Amino acid sequence: MKTSEDNNSSANLIIDRFIDSIWLEQGLSKATLSAYRSDLKILNQWAEKKRLTIDNISRADLLDFITHKANSGCSSRTSARMLSSYRRFYGYLFQQEVISSNPTEKISMPKIGKTLPKLLSEEQVIRLIKAPNTKKPLGFRDRTMLEILYATGLRVSELITLKQGDLNLNQGYLRVMGKGSKERLVPMGSIAKRWLKRYLNGPIIEILGERQSDYLFPTRTSESISRQAFWQIIKKYSNKVSIDSDLSPHSLRHAFATHLINHGADLRVVQMLLGHSNLSTTQIYTHIAQHRLKDLHQKHHPRG
C-alpha cells in the first residue's frame, strides 16, 4: 500500500519531468519555471488532503480545487494563471499517455479585467532618478541603473543580469537577452550613455576593489544584485523623495513605454523596444495614455 510519502515522491518526479520537458522545448526563464512548479505543488498539496494523486484528478476535482481557491480569496488573475499552468501540465501528461483524459478540457478561464499599472509622472521619474547620492560608489551605481532602466524600458531581470560584454558604448546599444532567450538590441540615449561612461571609469572599480566581475552592475561581492534587493533600493529612493505611488517591479518600464507614447512614439517601435512578442501586450500602454489624457482634461478644462 502506497503511503502519502510515496505519493508525494511520485508527484515530485512527475512535476520534475514536466518542468524539464518545457525547459528543454522552449527555454523558459527560471522565474516562469518556478511559477509552474509552485502552482503544481499547491495543487498536489490539496490533492493529498483529498487522498488523490496529481495524476489521478478528474475535471470535477479540478473544479472543486478552483472553487476552493476562489473561496480562500484567490483573485481571478491568479486563478487564470494557475489554470494555464494546469492546462499545460495535463496536456503534457495526456501526450505522454500518463493519463487517458485531460481534466482541464472544457474548463473556461476566469474573466480578468484590465489592470492599468500605476504610472509615475515624468516629474516623479526625474526625482526618483536623482535621489541616489552619487558621491558614493554604490549611489553612483544606483543612479546609473535608474538612468538605464528609464532610458531603455528593460525588465528588472534583464537589467540586473547585464554583462559588461553586452554594452556597446560606441554605438550606444545594449544587447539584451529577454524572455524565451530572445535577443534584442536596445538604444540607450545620450544621457544614460554619459552616466555609464562615468560609472565604468571609476565607481565600478571602487565597488569591486580587487575582485573581478562580468556583471555590469555588481555588488561588492562581485555578484549580480538580486531582483528583490534592487526593488528595496528603489523603495528606499522613492521614500527619500516622497513618492507615494506603490511601485511595482515594472514601474519604470511602464513609465518608459507610456511616456514614449505620450510624446508620439509608434506603438510597434515601443513593442520592439520592450521585447514584446505580440502587439496586443503593448497596447495596454495606449489605454494608460488615454486614461491619463482623460484625467488631465477633467482636471484642467473649465468644463471638465
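What you see is a predicted model, and the numbers here were worked out from it, not measured in a lab.

Visitor: Describe the overall build of the chain, listing the residues and the values that go with them.
Guide: Of the regular secondary structure elements, the chain holds 14 helices and three strands. When the 304 residues of the chain are sorted by exposure, 39% land in the buried category. Relative to all contacts within the chain whose residues are 6 or more apart in sequence, the contacts with residues 24 or more apart total 58%. When the accessible area of the chain is evaluated, it comes to approximately 17800 Å², of which 49% is carbon and sulfur surface.

Visitor: Can you break down the nonpolar core residue by residue, with the values?
Guide: Counting residues in hydrophobic clusters, the biggest one holds 48 residues, and the most contacted among them are Ile148, Leu154, Leu159, Leu196, Phe217, Phe230 and Ile234. With residues up to four places along the chain from it excluded, the contact list for Leu154 reads Ile148, Leu149, Leu159, Leu162, Leu174, Val176, Arg184, Val186 and Arg253. Judged by nonpolar contacts, the second largest core, of 27 residues, contains Leu28, Ile54, Tyr90 and Ile107.

Visitor: Report on the packing of aromatic side chains, specifying residues and quantitative values.
Guide: Throughout the structure, instances matching the rule amount to nine aromatic pairs. Measuring from ring centre to ring centre gives 5.4 Å for Tyr199 and Phe217, while their planes differ by 35 degrees; the resulting arrangement is tilted. With Tyr199 in helix α8 (residues 190–200) and Phe217 in the loop between α9 (203–208) and α10 (227–240), this residue pair connects regions lying 18 residues apart in the sequence. Relative accessible area serves as the criterion here: at 1%, Phe217 is assigned to the buried category. Members of the aromatic cluster, connected to one another through ring pairs, are Phe18, Tyr36, Phe89, Tyr90 and Tyr92. Over the face of the ring belonging to Tyr215 we find Lys163, whose NZ or CZ atom lies 5.2 Å from the ring centre. Lying across the ring of Trp195, Arg198 places its NZ or CZ 4.7 Å from the centre.

Visitor: Lay out the pairing of strand β2 (residues 173–177) in plain terms, naming residues and giving numbers.
Guide: Residues in a regular strand project their side chains so that they alternate between the two faces of the sheet. The side-chain alternation of β2 yields one buried face, formed by Leu174 and Val176, and one unburied face, formed by Tyr173, Arg175 and Met177. For strand β1 (residues 167–168) and β2, the ladder comprises two bridges, and the chain directions are antiparallel. Bridge pairing in β2 places Leu167 opposite Leu174. Taking the residues that link successive antiparallel strands as the turn, the β1-β2 hairpin has four residues, and the phi of Gly172 there is positive, at about 75 degrees. Relative to strand β3 (residues 183–187), β2 runs antiparallel, the two sharing five bridges. Across the sheet, the residue bridging to Tyr173 is Pro187, located in β3.

Visitor: Describe in detail the pattern of salt bridges, supporting the description with residues and values.
Guide: Counted by the stated rule, this structure contains nine salt bridges. A salt bridge links Arg127 to Glu123; the nearest nitrogen and oxygen atoms lie 3.1 Å apart. With a gap of four residues between them, Arg127 and Glu123 both fall in helix α5 (residues 122–129), about one helical turn apart. A residue is classified by how much of its surface remains accessible, and Arg127, at 28% relative accessible area, is partly exposed. Salt bridges here are not isolated pairs; linked through shared partners, they connect Arg155, Glu158 and Arg184.

Visitor: Lay out the packing of helix α11 (residues 251–262) against helix α12 (residues 267–274) with the relevant residues and their values.
Guide: Their axes nearest at 10 Å, the elements α11 and α12 cross at an angle of 160 degrees. Viewed along their axes, α11 and α12 adopt a mutual orientation that is roughly antiparallel. The interaxial crossing formed by α11 with α12 has right-handed handedness. Across from Arg253, Phe256, Ala257, Leu260 and Ile261 in α11, the residues of α12 making contact are Leu267, Val270, Leu273 and Leu274.

Visitor: Would you mind going over the environment of Ile205 in detail, with residue names and values included?
Guide: Mapped onto the elements of the fold, Ile205 is located in helix α9. Residue classification places Ile205 among the exposed residues on the basis of a relative accessible area of 52%. Spatially, the C-alpha atom of Ile205 lies 8.7 Å from that of Pro137, the residues being 68 residues apart in sequence.

Visitor: A description of the side chain of Ser251 should follow, citing residues and the corresponding values.
Guide: Along the chain, the position of Ser251 falls in helix α11. Excluding its chain neighbours within four sequence positions, the residues that come into contact with Ser251 are Leu120 and Trp231.

Visitor: Outline the pairing of β3, supporting the account with residue identities and numerical values.
Guide: A one-sided burial pattern is seen for β3, the buried positions being Arg184 and Val186 and the unburied ones Glu183, Leu185 and Pro187. Connecting β2 to the next strand, β3, in antiparallel fashion are five residues, including Gly180 with a positive phi near 65 degrees.

Visitor: Go over the sheet that holds β2 with me, naming the residues and quoting the values.
Guide: What links the strands of a sheet is backbone hydrogen bonding, and the strands pair in either a parallel or an antiparallel sense. What the three strands build is an open sheet, ordered β1-β2-β3; its pairing is antiparallel. Edge positions in the open sheet fall to β1 and β3, since each of these has one partner strand only.

Visitor: Provide a residue-level description of helix α2 (residues 30–49), including the pertinent values.
Guide: Between its terminal C-alpha atoms α2 stretches 29 Å, which fits the 28 Å expected from 20 residues at 1.5 Å a residue. Three or more residues of α2 are buried, namely Leu33, Tyr36, Asp39, Leu40, Leu43, Asn44, Trp46 and Ala47. The buried residues of α2 occupy an angular sector of 165 degrees when the element is viewed end-on, so they sit on one face. Structural note: α2 exposes Lys30, Ala31 and Lys49 on the side pointing more than 90 degrees away from its buried face. Among the residues trailing α2, Arg51 stands out with phi positive, at a value near 60 degrees.

Cut-off values and rules
Residues numbered from 1 in each chain as written. Predicted model: local features only at pLDDT ≥ 70, side-chain atom pairs only at ≥ 80, totals over all residues. Heavy atoms only, no water. Helix = DSSP H or I, 4+ residues; strand = E, 2+ residues; numbered from the N terminus. Buried < 20%, exposed > 50% of the residue type's maximum accessible area, 1.4 Å probe, protein only. Contact = heavy atoms within 4.5 Å. Areas by Shrake-Rupley, 256 points an atom, 1.4 Å probe, with all protein chains shown as cover. Core = buried A, V, L, I, M, F, W, Y, C linked by side-chain atoms within 4.5 Å. Phe/Tyr/Trp six-rings, centres within 6.5 Å; stacked < 30°, edge-to-face > 60°. Lys NZ or Arg CZ within 6 Å of the ring centre and 35° of its normal. Pairing = 2+ DSSP bridges. Salt bridge = Lys/Arg side-chain N within 4 Å of Asp/Glu carboxyl O. Axes fitted to C-alpha atoms, helices over the stretch in contact; angles between N-to-C directions. Parallel < 35°, antiparallel > 145°, perpendicular 65-115°, else oblique. Left-handed = near helix turned anticlockwise from the far one by under 90°. Expected span 1.5 Å × (residues − 1). Arc of directions from axis to C-beta.

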